[in-house]
Amino acid sequence: MKAAAIYIPAQDWDAVDALPQAWGQPPTGWRYAKRLVLENETPHERRAEPVEADLDFHSKQITDLQREVRVVRVEGVGPLGEVASQSHLITKEDDVLRCRLFFLADIAADSSATYAVLCGNPEAPDPAYDTDLSISGEGFALKVENEHYRAVLSKLSGNWKSHFGGPGDGKG
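Residue indices follow the written sequence of each chain, beginning from 1 at its first position. In keeping with the model being predicted, local features are shown solely for residues with a pLDDT of at least 70 and side-chain atom pairs are shown and tallied solely at 80 or more, while totals for entire chains, interfaces and linings include all residues. Excluded from the side-chain calculations are hydrogens and water; all other atoms, namely the structure's heavy atoms, are used.

Draft legend 1. Quick look at the environment of Glu-147. Numbering of helices and strands runs from the N terminus, with a helix taken as a DSSP run of H or I at least four residues long and a strand as a DSSP run of E at least two residues long. For Glu-147, the position within the fold is in the loop between strand S11 (141-145) and strand S12 (150-153). Burial here depends on accessible area, computed with a 1.4 Å probe over protein chains only, as a share of the maximum for the residue type. Under 20% is buried, over 50% is exposed, and the range in between is partly exposed. Relative accessible area serves as the criterion here: at 57%, Glu-147 is assigned to the exposed category. In the structure, Glu-147 is positioned 21 residues away from Asp-126 in sequence and 24 Å away in space, judged by C-alpha atoms.

Draft legend 2. Seen up close, the state of the cysteines. Disulfide: a pair of cysteine sulfur atoms within 2.5 Å of each other. Scanning the entire structure with this criterion turns up zero disulfides. Just so you know, Cys-99 is unpaired, no disulfide at all, and the nearest cysteine sulfur is the one on Cys-119, 9.0 Å from it. Look at Cys-99 and you get buried, because its relative accessible area is 0%.

Draft legend 3. Representation of the packing of aromatic side chains. Whether two aromatic rings pair depends on their centres lying within 6.5 Å, for rings of Phe, Tyr and Trp, where Trp uses its six-membered ring; planes under 30 degrees apart make the pair stacked, over 60 edge-to-face, and the rest tilted. Tallying each qualifying case throughout the model produces three aromatic pairs. Their ring planes at 20° and their centres at 5.1 Å tell us that Trp-13 and Phe-57 sit as a pair that is stacked. Of this pair, Trp-13 sits in the loop between strand S1 (6-8) and strand S2 (14-15) while Phe-57 is found in strand S4 (residues 46-58), placing the two residues 44 residues apart along the sequence. A single burial state applies to Trp-13 and to Phe-57, both of which are buried. With a centroid separation of 5.4 Å and 45° between ring planes, the pair formed by Phe-103 and Tyr-115 is classed as tilted. On the criterion of sequence distance, the pair formed by Phe-103 in strand S8 (residues 96-107) and Tyr-115 in strand S9 (residues 111-119) is long-range, its members being twelve residues apart. Under the relative-accessibility criterion, Phe-103 is labelled buried at 3%.

Draft legend 4. Quick look at the pattern of salt bridges. Between Lys or Arg on one side and Asp or Glu on the other, a salt bridge is scored when a side-chain nitrogen of the former is within 4 Å of a carboxyl oxygen of the latter. As enumerated under the stated definition, the model contains nine salt bridges in all. The shortest N-O distance in the salt bridge between Arg-47 and Asp-106 comes to 2.9 Å. Pair noted here: Arg-47 is in strand S4 and Asp-106 is in strand S8, with a separation of 59 residues, a long-range link. Taking the relative accessible area as the measure of exposure, Arg-47 reaches 56% and is therefore exposed. One salt bridge in this structure joins Asp-64 and Arg-67, with 3.5 Å as the shortest N-O distance. A single network of salt bridges, built from pairs that share partners, joins Glu-52, Asp-54 and Arg-100.

See below:
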């Protein structure tokens, strides 16, 4: 698997209590955080820009990747806003877990946006994000789509038949 452009080694996690006070009260229950400043050097606004990051954790920092990794967006002063994200285990070597984190970022033109990755909350509930993902069809002939993407499967075999940028792209 090709490495992601963003990499956070296990030793680079900070205590949540060390987050800037201007961000408001630290999120309850989370022990570790890492700030990500994403830059947009183009004159175009980036909405729902896919971001991938490879993260390493010591096995003592985290017990469940699906439950204990969250992404929040920093919006000046006030509570941090949680952003839908997914994490997938890539490998475990000795006491280090490596995962790939995916989320969608919004960054204004010629600007930057600050996000933080939180981890280490064994009491965290399972994430429950709203989604616009829909599946239609019967048998193998399925269409899977959301705002960003549409995939059509063959009615004979279920193999990938075609894909498009999303329902609003005028295709499919």
